[in-house]
Amino acid sequence: MILIYSCNKKIEVYKSQINSEISNITTVEDQKETLQKVYDNSQQIVDEITNLEKNILINRKAIYAMRAKKDSLAISNMYRVEKYLEKFPYPTSDNFNEEETLSIYYAIINDFRKSERIKYFETLNDAYKNGSITKYNYYNYLDGIHYLVLGSFYKYDKNNSIEKMIENMYPIVAKAIDTSN
């Protein structure tokens, strides 16, 4: 009982900190700083895990610990992104660099919770249409959702372009999401 209370208290503290951080964003520079923070947090832990995996037999316990930390960080980053998107639109390459525009995409695809990944289906579709994320990243996102909702990856067709596969996959994924909710 004490452990549950302690975990809930920590969650409330980090949510409060993030809410304060997002409410204090007043400039594009503040937005950039927040987005860069999400990107750097994600990339740092991925780099650490990749480095540990170079010697997987010796670092097995450390890898498990880092993966748990990654899951915790994914929840924190996703909450930060959620609050950011409630206040601001998805960043475009007009005002933000590649890492800043990708930070939201990475937070979404790295979140292990199906509900959170599905929640941003239209947001990422719009980001793809306006050029904020590449066709390869969008295809990867759609394919991941296809797997989460339908239980299989989309059948890759080397005779079709990525754009054509996205065009074919989008309605399948959209319909599957509608019926799963």
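Residues numbered from 1 in each chain as written. Predicted model: local features only at pLDDT ≥ 70, side-chain atom pairs only at ≥ 80, totals over all residues. Heavy atoms only, no water.

1. A look at the confidence of the model for the chain
Alright, step 1. For the chain, mean pLDDT is 87; residues scoring 70 or higher make up 93% of the total.
Alright, step 2. Element-level pLDDT for the chain is lowest in helix α1 (residues 2-23), with a mean of 72, against a maximum mean of 94 in helix α6 (residues 121-129). (pLDDT = per-residue confidence, 0-100. Helix = DSSP H or I, 4+ residues; strand = E, 2+ residues; numbered from the N terminus.)

2. Examining the nonpolar core
Alright, step 1. Counting residues in hydrophobic clusters, the biggest one holds 41 residues, and the most contacted among them are Tyr84, Tyr90, Ile104, Tyr105, Leu124, Tyr141 and Leu142.
Alright, step 2. Among the elements of the structure, α1, α2 (28-52), α3 (60-87), α4 (98-110), α6, α7 (135-150) and α8 (162-180) are those that each provide at least two residues to this core.
Alright, step 3. Tallying contributions element by element places α8 first for this core, with eight residues.
Alright, step 4. The residues contacting tyrosine 84, other than those within four sequence positions of it, are Ile22, Ile25, Gln31, Leu35, Pro89, Pro91, Phe96 and Ile104.
Alright, step 5. With six residues, the next largest nonpolar core counts Ile45, Ile63, Met66 and Leu73 among its residues. (Core = buried A, V, L, I, M, F, W, Y, C linked by side-chain atoms within 4.5 Å. Buried < 20%, exposed > 50% of the residue type's maximum accessible area, 1.4 Å probe, protein only. Contact = heavy atoms within 4.5 Å.)

3. Considerations on the pattern of salt bridges
Alright, step 1. Evaluation of the coordinates by the stated rule reveals eight salt bridges.
Alright, step 2. With a closest N to O distance of 2.9 Å, glutamate 21 and arginine 80 form a salt bridge. Placement of the pair is glutamate 21 in helix α1 and arginine 80 in helix α3, with a sequence separation of 59 residues. For the pair glutamate 21 and arginine 80, one class covers both residues: buried.
Alright, step 3. Close ionic contact of lysine 164 with glutamate 167 constitutes a salt bridge, the shortest N to O distance being 3.4 Å. One end of the pair, lysine 164, and the other, glutamate 167, are both in helix α8, three residues apart, so they sit about a helical turn from each other.
Alright, step 4. We classify lysine 164 as partly exposed; its relative accessible area is 33%. (Salt bridge = Lys/Arg side-chain N within 4 Å of Asp/Glu carboxyl O.)

4. Considering α6
Alright, step 1. Along α6, the residues classified as buried are Phe121, Leu124, Asn125 and Ala127. Buried residues of α6, viewed axially, fall in a sector of 160 degrees; they line one side.
Alright, step 2. Residues of α6 that are buried in the fold lie against α4, α5 (114-119), α7 and α8.
Alright, step 3. Count one or two residues on from α6 and you reach glycine 131, which has phi positive near 85 degrees. (Arc of directions from axis to C-beta.)

5. Quick look at the packing of α6 against α7
Alright, step 1. α7 packs onto α6 with a crossing angle of 160 degrees between their chain directions and a minimal axis gap of 10 Å. The angle between the axes of α6 and α7 places the two elements in the roughly antiparallel class. With respect to the hand of their crossing, α6 and α7 are arranged in left-handed fashion. Listed contacts from α7 to Phe121, Leu124, Asn125 and Tyr128 of α6 are Lys135, Tyr138, Tyr141 and Leu142.
Alright, step 2. Considered class by class, the residues forming the contact of α6 with α7 number six nonpolar, one polar and one charged. (Axes fitted to C-alpha atoms, helices over the stretch in contact; angles between N-to-C directions. Parallel < 35°, antiparallel > 145°, perpendicular 65-115°, else oblique. Left-handed = near helix turned anticlockwise from the far one by under 90°. Nonpolar A, V, L, I, M, F, W, Y, C, P; charged D, E, K, R; others polar.)

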